Amino acid sequence: MIKAVFLDRDGVINYDYSCVYRVSDFTFIPGVFEALKLLNDAGYKLFVITNQSGIGRGVYTEEDVEKLHAHMLAQFEEHGINVEKIYYCPHTEDAYCDCRKPNPSSILDAQKKFDINLEESYFVGDRNTDIECGDNAGVKTVLVGNTDTEPCNPDYREKDLLSAVTNIILADGKN
Ligand SMILES: [Zn+2]
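Below, the structure is looked at part by part. (Residues numbered from 1 in each chain as written. Predicted model: local features only at pLDDT ≥ 70, side-chain atom pairs only at ≥ 80, totals over all residues.)

## Quick look at the overall build of the chain
In plain terms, the rule: Secondary structure counts use DSSP, requiring at least four H or I residues in a row for a helix and at least two E residues in a row for a strand, with both numbered from the N terminus. The atom set for the radius of gyration is the C-alpha atoms, and the globule formula is 2.2 Å times the number of residues raised to the power 0.38. Residues are called buried when their C-beta atom has 20 or more other C-beta atoms within 10 Å, exposed when it has 12 or fewer, and partly exposed otherwise; all C-beta atoms are positioned from the backbone. Any two residues are considered in contact once their C-beta atoms, placed from the backbone, lie within 7 Å.
Within the chain, the secondary structure is distributed over 6 helices and 6 strands. Counting helices and strands in the order they occur from the N terminus, the chain gives β-α-β-α-α-β-α-β-α-β-β-α. Taking 175 residues into account, the globule formula puts the C-alpha radius of gyration at 16 Å, and the chain, at 15 Å, falls close to it. In terms of overall dimensions, the chain has C-alpha extents of about 45 × 35 × 35 Å along its principal axes. Buried positions account for 36% of the 175 residues belonging to the chain. Long-range contacts, defined here as pairs at least 24 residues apart, represent 62% of the contacts in the chain between residues at least 6 apart.

If you want it as C-alpha coordinates, here you go:
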(Lines give C-alpha, C1' and ligand atoms only; values in the text may rest on other atoms or scores of the structure.)
Protein backbone atom coordinates (compact mmCIF):
# COMPACT_ATOMS: atom_id res chain seq x y z
CA MET A 1 0.00 0.00 0.00
CA ILE A 2 1.14 3.53 -0.71
CA LYS A 3 0.64 6.91 0.95
CA ALA A 4 -0.99 9.70 -1.00
CA VAL A 5 -1.64 13.41 -0.82
CA PHE A 6 -4.79 14.64 -2.52
CA LEU A 7 -4.64 18.27 -3.53
CA ASP A 8 -7.28 20.78 -4.40
CA ARG A 9 -6.14 22.89 -7.36
CA ASP A 10 -7.41 26.48 -7.23
CA GLY A 11 -6.22 28.18 -4.04
CA VAL A 12 -3.72 25.42 -3.20
CA ILE A 13 -1.55 24.93 -6.30
CA ASN A 14 -2.43 28.14 -8.16
CA TYR A 15 -4.00 31.42 -7.10
CA ASP A 16 -7.77 31.27 -7.26
CA TYR A 17 -8.87 34.13 -9.51
CA SER A 18 -12.43 32.70 -9.32
CA CYS A 19 -12.53 31.34 -12.87
CA VAL A 20 -9.15 30.01 -13.93
CA TYR A 21 -9.07 28.29 -17.29
CA ARG A 22 -6.50 30.18 -19.37
CA VAL A 23 -2.83 29.29 -19.12
CA SER A 24 -2.11 33.03 -18.85
CA ASP A 25 -4.27 33.19 -15.67
CA PHE A 26 -2.56 30.20 -14.08
CA THR A 27 -0.07 31.41 -11.46
CA PHE A 28 1.60 28.91 -9.18
CA ILE A 29 1.51 29.83 -5.50
CA PRO A 30 5.08 30.28 -4.16
CA GLY A 31 6.52 27.15 -2.57
CA VAL A 32 4.31 24.70 -4.46
CA PHE A 33 7.11 23.07 -6.46
CA GLU A 34 9.27 22.68 -3.37
CA ALA A 35 6.34 21.24 -1.41
CA LEU A 36 5.40 18.67 -4.05
CA LYS A 37 9.00 17.62 -4.61
CA LEU A 38 9.37 17.03 -0.86
CA LEU A 39 6.24 14.86 -0.88
CA ASN A 40 7.41 12.83 -3.89
CA ASP A 41 10.81 12.32 -2.28
CA ALA A 42 9.11 11.17 0.93
CA GLY A 43 7.21 8.52 -1.04
CA TYR A 44 3.80 10.17 -1.35
CA LYS A 45 1.85 9.72 -4.58
CA LEU A 46 0.14 12.93 -5.65
CA PHE A 47 -3.39 13.44 -6.96
CA VAL A 48 -5.27 16.61 -7.86
CA ILE A 49 -9.03 16.69 -7.28
CA THR A 50 -10.83 19.76 -8.54
CA ASN A 51 -14.40 20.91 -9.11
CA GLN A 52 -14.64 22.64 -12.49
CA SER A 53 -18.32 23.55 -12.71
CA GLY A 54 -17.44 26.26 -15.23
CA ILE A 55 -17.62 23.46 -17.78
CA GLY A 56 -21.19 22.60 -16.79
CA ARG A 57 -22.09 26.27 -16.76
CA GLY A 58 -20.66 26.74 -20.25
CA VAL A 59 -18.00 29.26 -19.17
CA TYR A 60 -15.16 27.11 -20.52
CA THR A 61 -14.75 23.67 -22.06
CA GLU A 62 -13.20 20.34 -21.11
CA GLU A 63 -10.59 21.10 -23.76
CA ASP A 64 -9.63 24.31 -21.92
CA VAL A 65 -9.22 22.35 -18.70
CA GLU A 66 -7.19 19.60 -20.38
CA LYS A 67 -4.92 22.21 -21.95
CA LEU A 68 -4.43 23.94 -18.61
CA HIS A 69 -3.66 20.66 -16.89
CA ALA A 70 -1.13 19.72 -19.58
CA HIS A 71 0.60 23.05 -18.86
CA MET A 72 0.52 22.39 -15.11
CA LEU A 73 1.91 18.87 -15.50
CA ALA A 74 4.67 20.08 -17.82
CA GLN A 75 5.75 22.58 -15.15
CA PHE A 76 5.69 19.85 -12.53
CA GLU A 77 7.77 17.59 -14.76
CA GLU A 78 10.36 20.32 -15.21
CA HIS A 79 10.66 20.42 -11.44
CA GLY A 80 10.96 16.64 -11.15
CA ILE A 81 7.46 16.26 -9.71
CA ASN A 82 5.20 13.37 -10.60
CA VAL A 83 1.40 13.65 -10.28
CA GLU A 84 -0.34 10.30 -10.77
CA LYS A 85 -3.74 11.55 -11.84
CA ILE A 86 -5.94 14.63 -12.03
CA TYR A 87 -9.61 14.18 -11.30
CA TYR A 88 -11.98 16.97 -12.25
CA CYS A 89 -15.74 17.21 -11.95
CA PRO A 90 -17.28 19.12 -14.89
CA HIS A 91 -20.77 19.27 -13.39
CA THR A 92 -22.72 22.00 -11.67
CA GLU A 93 -23.92 21.55 -8.11
CA ASP A 94 -27.54 20.99 -9.20
CA ALA A 95 -26.53 18.07 -11.45
CA TYR A 96 -26.18 15.97 -8.27
CA CYS A 97 -23.37 13.93 -9.81
CA ASP A 98 -21.24 11.63 -7.71
CA CYS A 99 -17.88 13.15 -8.68
CA ARG A 100 -18.24 16.65 -7.25
CA LYS A 101 -16.50 17.34 -3.92
CA PRO A 102 -17.43 16.77 -1.11
CA ASN A 103 -18.35 13.42 -2.64
CA PRO A 104 -15.27 11.23 -2.07
CA SER A 105 -15.65 9.11 -5.24
CA SER A 106 -12.38 10.38 -6.80
CA ILE A 107 -10.38 9.49 -3.69
CA LEU A 108 -12.03 6.08 -3.50
CA ASP A 109 -11.33 5.48 -7.19
CA ALA A 110 -7.65 6.35 -6.66
CA GLN A 111 -7.57 4.16 -3.55
CA LYS A 112 -8.63 1.13 -5.58
CA LYS A 113 -6.46 1.80 -8.63
CA PHE A 114 -3.29 2.68 -6.72
CA ASP A 115 -3.77 0.62 -3.53
CA ILE A 116 -3.61 3.63 -1.22
CA ASN A 117 -3.61 3.47 2.55
CA LEU A 118 -6.16 6.19 3.31
CA GLU A 119 -5.27 6.41 7.01
CA GLU A 120 -1.74 7.47 6.06
CA SER A 121 -2.97 9.94 3.44
CA TYR A 122 -4.02 13.59 3.40
CA PHE A 123 -6.31 16.00 1.65
CA VAL A 124 -4.99 19.56 1.39
CA GLY A 125 -7.60 22.11 0.40
CA ASP A 126 -8.70 25.69 0.93
CA ARG A 127 -12.46 25.13 1.23
CA ASN A 128 -14.95 23.34 3.44
CA THR A 129 -15.89 21.02 0.59
CA ASP A 130 -12.26 19.83 0.45
CA ILE A 131 -12.21 19.08 4.16
CA GLU A 132 -15.59 17.34 3.96
CA CYS A 133 -14.37 15.34 0.97
CA GLY A 134 -11.29 14.22 2.92
CA ASP A 135 -13.45 13.36 5.94
CA ASN A 136 -15.87 11.40 3.77
CA ALA A 137 -12.98 9.33 2.41
CA GLY A 138 -11.25 8.83 5.75
CA VAL A 139 -8.00 10.71 5.08
CA LYS A 140 -6.40 13.36 7.29
CA THR A 141 -7.30 16.92 6.34
CA VAL A 142 -5.31 20.16 6.17
CA LEU A 143 -7.01 23.49 5.48
CA VAL A 144 -4.74 26.07 3.88
CA GLY A 145 -5.39 29.74 3.27
CA ASN A 146 -8.64 31.20 4.53
CA THR A 147 -10.97 31.30 1.57
CA ASP A 148 -14.05 30.11 3.40
CA THR A 149 -15.49 31.90 6.38
CA GLU A 150 -17.97 29.11 7.18
CA PRO A 151 -17.10 26.96 10.19
CA CYS A 152 -14.86 24.08 9.26
CA ASN A 153 -13.16 21.30 11.23
CA PRO A 154 -9.96 20.24 9.51
CA ASP A 155 -7.41 18.11 11.38
CA TYR A 156 -4.85 20.86 10.78
CA ARG A 157 -4.69 24.45 9.55
CA GLU A 158 -1.70 25.95 7.74
CA LYS A 159 -1.10 29.10 5.74
CA ASP A 160 -0.17 27.38 2.48
CA LEU A 161 0.81 24.09 0.88
CA LEU A 162 4.52 24.38 1.69
CA SER A 163 3.87 24.93 5.39
CA ALA A 164 1.30 22.10 5.36
CA VAL A 165 3.95 19.79 3.94
CA THR A 166 6.85 20.81 6.16
CA ASN A 167 4.94 21.38 9.43
CA ILE A 168 2.37 18.59 9.22
CA ILE A 169 2.79 15.87 6.63
CA LEU A 170 6.55 15.32 6.74
CA ALA A 171 6.63 15.86 10.51
CA ASP A 172 3.84 13.26 10.95
CA GLY A 173 5.70 10.73 8.86
CA LYS A 174 8.66 10.84 11.26
CA ASN A 175 6.56 9.83 14.28
ZN1 LIG B 1 -19.37 15.61 -11.26
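## Let's talk about the nonpolar core
Grouped burial of nonpolar side chains is what soluble globular proteins tend to show. The test is simple: Only buried Ala, Val, Leu, Ile, Met, Phe, Trp, Tyr and Cys residues enter a nonpolar core, and they are joined through C-beta atoms within 7 Å.
Ranked by size, the top nonpolar core spans 34 residues in total, and within it Val5, Phe6, Leu7, Tyr122, Val124 and Leu161 carry the most contacts. If you list the elements that add at least two residues to this core, you get strand E1 (3-7), helix H1 (32-41), strand E2 (44-51), helix H4 (105-114), strand E4 (122-125), helix H5 (128-137), strand E5 (140-144) and helix H6 (161-173). Contacts of Leu7, omitting those with residues within four sequence positions, involve Val12, Ile13, Leu46, Phe47, Val48 and Val124. Within the second largest apolar cluster, 5 residues are counted, among which are Ile55, Val65, Leu68 and Cys89.

## So, the pairing of E4
Rules: Only when DSSP finds a minimum of two bridges between them are two strands counted as paired.
Of the two faces of E4, the one lined by Tyr122 and Val124 and the one lined by Phe123 and Gly125 are each fully buried. Here E1 pairs with E4 via 3 bridges, running parallel. Looking across to E4, one finds that Leu7 is bridged to Val124. Sheet topology places E4 next to E5; 4 bridges connect them, and they run parallel.

## Structural notes on unusual backbone geometry
The omega torsion of the bond from Lys101 to Pro102 falls at 15°, within 30 degrees of zero and hence cis. In this structure, Ser18 takes a positive phi of about 70° despite not being glycine. Here Ser18 lies in the loop between E1 and H1. Accessibility expressed as a C-beta count within 10 Å gives 7 for Ser18, which makes it exposed. Notably, Asp115 is not glycine yet its phi reads approximately 55°, a positive angle. Mapped onto the elements of the fold, Asp115 is located in the loop between H4 and E4. Given 11 C-beta atoms within a 10 Å radius, Asp115 is considered exposed.

## Focus on the environment of Ala164
The topology assignment puts Ala164 in helix H6. Classification of Ala164 by C-beta neighbours within 10 Å gives buried; the count is 26. Spatially, the C-alpha atom of Ala164 lies 7.9 Å from that of Val124, the residues being 40 residues apart in sequence. Those residues within four positions of Ala164 in sequence are excluded, and the remaining contacts are Val124, Val142, Val144, Glu158 and Ile169.

Purely geometric numbers; function is a separate question.
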